[in-house]
Amino acid sequence: MLDNIDGYKGLMSAVVTRAISDSLIQLKEKGKMSPLANDAFRFLFGDDISLYLEFLDIDPKYFKDHLVNNMFNDSDDVGLHPTKKRMFRINYKKYMQNQAKKAVMAATYKPTHKCKKI
């Protein structure tokens, strides 16, 4: 069973690579992130990616920090065109704003009606 571990690692790596690629998709409309890019960011910065990265012997916190730092760095050391990095930054900002908005809504939500006791 362990003799095919390289195939599984290749598959896990391809999933993570595809998510990074999907995170570079341009905005669908002015101010609206593509659903595919949104799903990619939810995967890349959520808890689910930890399983993939640990299987690949990559520290999840290091991966997330390094990904963001590379996309916000203007040098061409990762081989991405500056336009692609810019799209990541725009989508990342949009994703983080949506996450913050959800957190504020959850923290300040108050029910507007009372339930009747039976």
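Each remark here, short or long, concerns the structure printed above.
Below, the structure is looked at part by part. Computed from a predicted structure; not experimentally measured. (Residues numbered from 1 in each chain as written. Predicted model: local features only at pLDDT ≥ 70, side-chain atom pairs only at ≥ 80, totals over all residues. Heavy atoms only, no water.)

This part is about the overall build of the protein. The helix and strand tally for the protein stands at five helices and zero strands. Residue pairs at least 24 apart in sequence account for 52% of intrachain contacts in the protein once pairs closer than 6 positions are excluded. For the protein, the accessible surface area stands at approximately 9000 Å², while carbon and sulfur atoms represent 57% of it. (Helix = DSSP H or I, 4+ residues; strand = E, 2+ residues; numbered from the N terminus. Contact = heavy atoms within 4.5 Å. Areas by Shrake-Rupley, 256 points an atom, 1.4 Å probe, with all protein chains shown as cover.)

Following the criterion strictly, the structure yields nine aromatic pairs and no others. On the numbers, 6.3 Å between centres and 45 degrees between planes, the contact of Phe 41 with Tyr 92 is tilted. Linking Phe 41 in helix H2 (residues 35-44) with Tyr 92 in helix H5 (residues 82-108), this pair joins segments that are 51 residues apart in sequence. Here the two residues Phe 41 and Tyr 92 agree in accessibility, since each one is buried. On the accessibility criterion, Tyr 92 (18% relative accessible area) is buried. Aromatic rings pair up to connect Phe 41, Phe 45, Phe 72, Phe 88, Tyr 92 and Tyr 95 into one cluster. (Phe/Tyr/Trp six-rings, centres within 6.5 Å; stacked < 30°, edge-to-face > 60°. Buried < 20%, exposed > 50% of the residue type's maximum accessible area, 1.4 Å probe, protein only.)

Looking now at helix H4 (residues 60-72). With 13 residues, H4 extends 18 Å from end C-alpha to end C-alpha; this agrees with the ideal 18 Å at 1.5 Å per step. Residues of H4 that are buried include every one of Pro 60, Phe 63, Lys 64, Leu 67, Val 68, Asn 70 and Met 71, and no others. Each buried residue of H4 sits inside an arc of 165 degrees when the element is viewed along its axis, so together they form one side. Residues Lys 61 and Asn 69 are exposed on H4 and point more than 90 degrees away from its buried face. (Expected span 1.5 Å × (residues − 1). Arc of directions from axis to C-beta.)

With that settled, consider H2. Turning to H2, its buried residues are Ala 37, Ala 40, Phe 41, Phe 43 and Leu 44. Viewed end-on, H2 has its buried residues packed into an arc of 160 degrees, placing them on one side of the element. At its buried positions, H2 is contacted by helix H1 (5-22), helix H3 (49-55), H4 and H5.

Before going further, it helps to examine the nonpolar core. Phe 41, Leu 44, Phe 45, Ile 49, Phe 63, Leu 67 and Phe 88 are the most contacted members of the largest nonpolar core, which totals 18 residues. Ignoring anything within four residues of it in the chain, the contact list for Phe 45 reads Lys 64, Leu 67, Val 68, Phe 88, Tyr 92 and Tyr 95. (Core = buried A, V, L, I, M, F, W, Y, C linked by side-chain atoms within 4.5 Å.)

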